[in-house]
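# Observations on the three-dimensional arrangement
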Amino acid sequence: MKKWTVAAFKAAKGIQKLGCCTAYDACFARLADEAGVPCLLVGDSMGMTMLGYETTLPVKMEETLSAVAAVARAAKNALVVADMPFGSYQCGDDLAMSNAVACLKAGADAVKLEGGASVCGLIRRMTTAGIPVLAHVGMMPQRVNSYGGFKMQGKTREAAARVLADARAVEEAGAFAVTLECVPAELAAEITAALKIPTVGIGAGPVCDAQWLVMHDLLGLNEGHVPSFVKKYANLADEVKRAFSEYVSEVASGSFPAAT
Ligand code: KIV
């Protein structure tokens, strides 16, 4: 297997559909990488999957950098994308630049940030400086407080036109791909056809060039609410609990450890 680069990811549009997922640590990043996942996103969803928060908002830059470094050490072939956490790029472009640089120094191949037309100046500055950007439009979880919940976006004609305009704007600004989160499938199909860069959908139907799934949803590790578009490819929560409980019972009964 060859290392996935930003150029290879872009070139896959129309040729190969890519099943991508999140990763937050070296253990699971190595397993996903060895299984052939082409792109691992060190998502700010780690706030919910790994750190026990209700939203992605509390994730800190230091937590992102430590997770990016762990994933990058383990991923030999996957493209590693660092998801810039809330506050790391909203408080001025100089701070955003230095946080993006820190992501690449920690081992990321690219950064992801949420926003359409409003972040195009920043995307231009980053890409000009050699920092590849994967954009994110549609439902942007860092805006959960403005939406009043994690709600599908682009449902009316006007809202759909705004999402399409955002997607065109980030392409024009130099993003190498764009995430479409929780938008109607027909809108995602229209955007996928309209853009030259790949779309990476999550809750955006089957037509996107690539898909994201949050690793904990994909593996069935998440026992809380799981969005309806998720497919669980395993039920690891049950298996992990069975192993822990068998271990506790065997120690209690004296059958582990065995006498030497
Ligand atoms: O943080 C994350 O996991 C994401 C995906 C949902 C795209 O941004």
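Residues numbered from 1 in each chain as written. Predicted model: local features only at pLDDT ≥ 70, side-chain atom pairs only at ≥ 80, totals over all residues. Heavy atoms only, no water.

Assignment of secondary structure puts valine 37 in the loop between helix H2 (26–34) and strand E2 (39–42). Judged by its relative accessible area of 16%, valine 37 is buried. Expressed as a C-alpha distance, the spacing of valine 37 and tyrosine 24, which sit 13 residues apart in the sequence, is 14 Å. (Helix = DSSP H or I, 4+ residues; strand = E, 2+ residues; numbered from the N terminus. Buried < 20%, exposed > 50% of the residue type's maximum accessible area, 1.4 Å probe, protein only.)

In this section: the environment of threonine 127. Secondary-structure assignment places threonine 127 in helix H6 (residues 120–128). With 82 residues separating them in the primary sequence, threonine 127 and aspartate 209 have C-alpha atoms 22 Å apart. Threonine 127 has contacts with Val133, Ala173 and Gly174, leaving out every residue within four places of it along the chain. For threonine 127, the side chain forms a polar contact with the main-chain oxygen of isoleucine 123, separated by 2.8 Å. Of the polar contacts made by the side chain of threonine 127, one reaches the backbone oxygen of arginine 124; its length is 3.2 Å. (Contact = heavy atoms within 4.5 Å. Polar contact = N/O pair within 3.5 Å; in protein donor to acceptor, adjacent residues only side chain to side chain.)

A separate point is unusual backbone geometry. With omega at -5 degrees, the peptide bond leading from phenylalanine 256 into proline 257 counts as cis. Located in the positive-phi region is cysteine 182, a residue other than glycine, with phi close to 45 degrees. Within the element layout of this structure, cysteine 182 appears in the loop between strand E6 (177–181) and helix H9 (185–194).

Time to look at the packing of aromatic side chains. The geometry of an aromatic ring pair is captured by two quantities: the separation of the ring centres and the angle between the planes. Throughout the structure, instances matching the rule amount to 2 aromatic pairs. Relative to phenylalanine 176, the ring of phenylalanine 9 has its centre 6.0 Å away and its plane inclined at 80 degrees; by these criteria the two rings are edge-to-face. Of this pair, phenylalanine 9 sits in helix H1 (residues 6–11) while phenylalanine 176 is found in the loop between helix H8 (157–173) and E6, placing the two residues 167 residues apart along the sequence. For the pair phenylalanine 9 and phenylalanine 176, a shared accessibility class is recorded, and that class is buried. Consider the rings of tyrosine 247 and phenylalanine 256, whose centres lie 6.0 Å apart with planes at 65 degrees: the pair is edge-to-face. Residue classification places tyrosine 247 among the partly exposed positions, given a relative accessible area of 49%. (Phe/Tyr/Trp six-rings, centres within 6.5 Å; stacked < 30°, edge-to-face > 60°.)

Our next topic: a nonpolar patch on the surface. Together, Tyr247, Val248, Val251 and Phe256 make up a nonpolar patch on the protein surface, roughly 390 Å² of accessible area in all. A relative accessible area of 41% means that phenylalanine 256 is categorised as partly exposed. (Patch = residues over 30% accessible without salt bridge, like charges linked within 9 Å, V, L, I, M, F, W, Y side chains within 5 Å. Areas by Shrake-Rupley, 256 points an atom, 1.4 Å probe, with all protein chains shown as cover. Salt bridge = Lys/Arg side-chain N within 4 Å of Asp/Glu carboxyl O.)

Looking now at H9. Every α-helix winds through 3.6 residues per turn, so residues three or four apart in the chain are directed the same way. Every buried residue of H9 is listed here: Leu187, Ala188, Ile191 and Thr192. With its buried residues spanning 135 degrees around the axis, H9 presents them on a single face. The exposed set on the far side of H9, more than 90 degrees from its buried face, consists of Glu186 and Ala193. In this structure, the buried side of H9 is in contact with H8, E6 and strand E7 (199–202). (Arc of directions from axis to C-beta.)

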